[in-house]
Amino acid sequence: QVQLAESGGGLVQAGDSLRLSCTASGRTFSHYAMGWFRRAPGKEREFVAAIRWSGGDTYYADSVKGRFIISRDNAKNTVYLYMNSLKPEDTAVYYCAAGLQWGPGSGLERQYDYWGQGAQVTVSS
């Protein structure tokens, strides 16, 4: 089992930056690819970003490419999502997820076995 806990959400204004953290406990964190997903009000959960176990490969949704950065610190069992130039449409509950696979399917929910509870991010205009 892997337990994931997100932190760092909050209320910000459009154009601001925010950093989300996701700390893992349980099994060896460095074995897992990590992903961030989000669910906006009234919408399905969608992929945001993913990072390979080594941190050497990353993958982003087109909607956040160039604005968001995913990184990880395996020594701290933590993955980060740096969100810059935030827009009101980024308002959502953000979830981190862990999975053992990496590849073309890393943007799909079914690739991930463990999920956090979510952190609310609200961007006002």
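No experiment lies behind these values; they were computed from the predicted model shown.

**Things to note about the side chain of E6**
Within the element layout of this structure, E6 appears in strand β1 (residues 2–7). Here E6 sits buried without a salt bridge, and the closest side chain of opposite charge, R45, lies 7.6 Å off (N-O distance). A distance of 3.1 Å separates the side chain of E6 from the backbone nitrogen of Q117, its partner in a polar contact. Polar side-chain contacts of E6 include one of 2.9 Å to the backbone nitrogen of G118. When neighbours within four sequence positions are excluded, E6 is seen to be in contact with S21, C22, W36, Y94, Y95, C96, G116, Q117, G118 and A119.

**Comments concerning the sheet that holds strand β8 (residues 78–83)**
Overall, antiparallel pairing links the 4 strands, which are arranged β1-β3-β8-β7 in an open sheet. Every other strand in the sheet has two partners, leaving β1 and β7 (68–73) as the edge strands with one partner each. Across this sheet, the average inter-strand angle for adjacent strands is 15°, counted without regard to direction.

**With respect to the packing of aromatic side chains**
Within this structure, the stated rule accounts for 7 aromatic pairs. Summarising the aromatic geometry, the rings of F37 and Y112 are spaced 5.4 Å apart at their centres and angled 80° between planes, so their arrangement reads as edge-to-face. Highlighted residues: F37 in strand β4 (residues 33–39) and Y112 in the loop between β9 (92–99) and β10 (114–115), separated in sequence by 75 residues. Residue classification places F37 among the buried positions, given a relative accessible area of 1%. Taking the relative accessible area as the measure of exposure, Y112 reaches 6% and is therefore buried. A connected cluster of aromatic rings, assembled from ring pairs, spans F37, F47, Y59, Y112 and W115. We note R45 situated over the ring of W115; from NZ or CZ to the ring centre the distance is 3.9 Å. In this structure, R72 is placed above the aromatic ring of F29, and the distance from its NZ or CZ to the ring centre is 4.5 Å.

**Observations regarding the state of the cysteines**
A full pass over the atoms with the stated rule returns 1 disulfide. What pairs with C22 in a disulfide is C96, and their sulfur atoms sit 2.0 Å apart. Disulfide C22 to C96: torsion about the S-S bond roughly 50°, handedness right-handed. Here C22, found in strand β3 (residues 18–26), pairs with C96, found in strand β9; they are 74 residues apart in sequence, far enough to count as distant.

**Focus: the side chain of R72**
The residue R72 is located in strand β7 in this model. No salt bridge is formed by the buried R72. Its closest oppositely charged neighbour is D73, at 8.3 Å. There is a polar contact of 3.1 Å between the side chain of R72 and the backbone oxygen of F29. At 2.9 Å, the side chain of R72 and the backbone oxygen of R52 are in polar contact. With sequence-adjacent residues up to four places away left out, R72 is seen in contact with F29, S30, Y32, A33, M34, I51, R52, W53, G55, T78 and V79.

Conventions we followed
Residues numbered from 1 in each chain as written. Predicted model: local features only at pLDDT ≥ 70, side-chain atom pairs only at ≥ 80, totals over all residues. Heavy atoms only, no water. Helix = DSSP H or I, 4+ residues; strand = E, 2+ residues; numbered from the N terminus. Buried < 20%, exposed > 50% of the residue type's maximum accessible area, 1.4 Å probe, protein only. Lys, Arg positive; Asp, Glu negative; His and termini not counted. Salt bridge = Lys/Arg side-chain N within 4 Å of Asp/Glu carboxyl O. Polar contact = N/O pair within 3.5 Å; in protein donor to acceptor, adjacent residues only side chain to side chain. Contact = heavy atoms within 4.5 Å. Pairing = 2+ DSSP bridges. Axes fitted to C-alpha atoms, helices over the stretch in contact; angles between N-to-C directions. Phe/Tyr/Trp six-rings, centres within 6.5 Å; stacked < 30°, edge-to-face > 60°. Lys NZ or Arg CZ within 6 Å of the ring centre and 35° of its normal. Disulfide = S-S within 2.5 Å.

So yeah, pure geometry; function would need other evidence.
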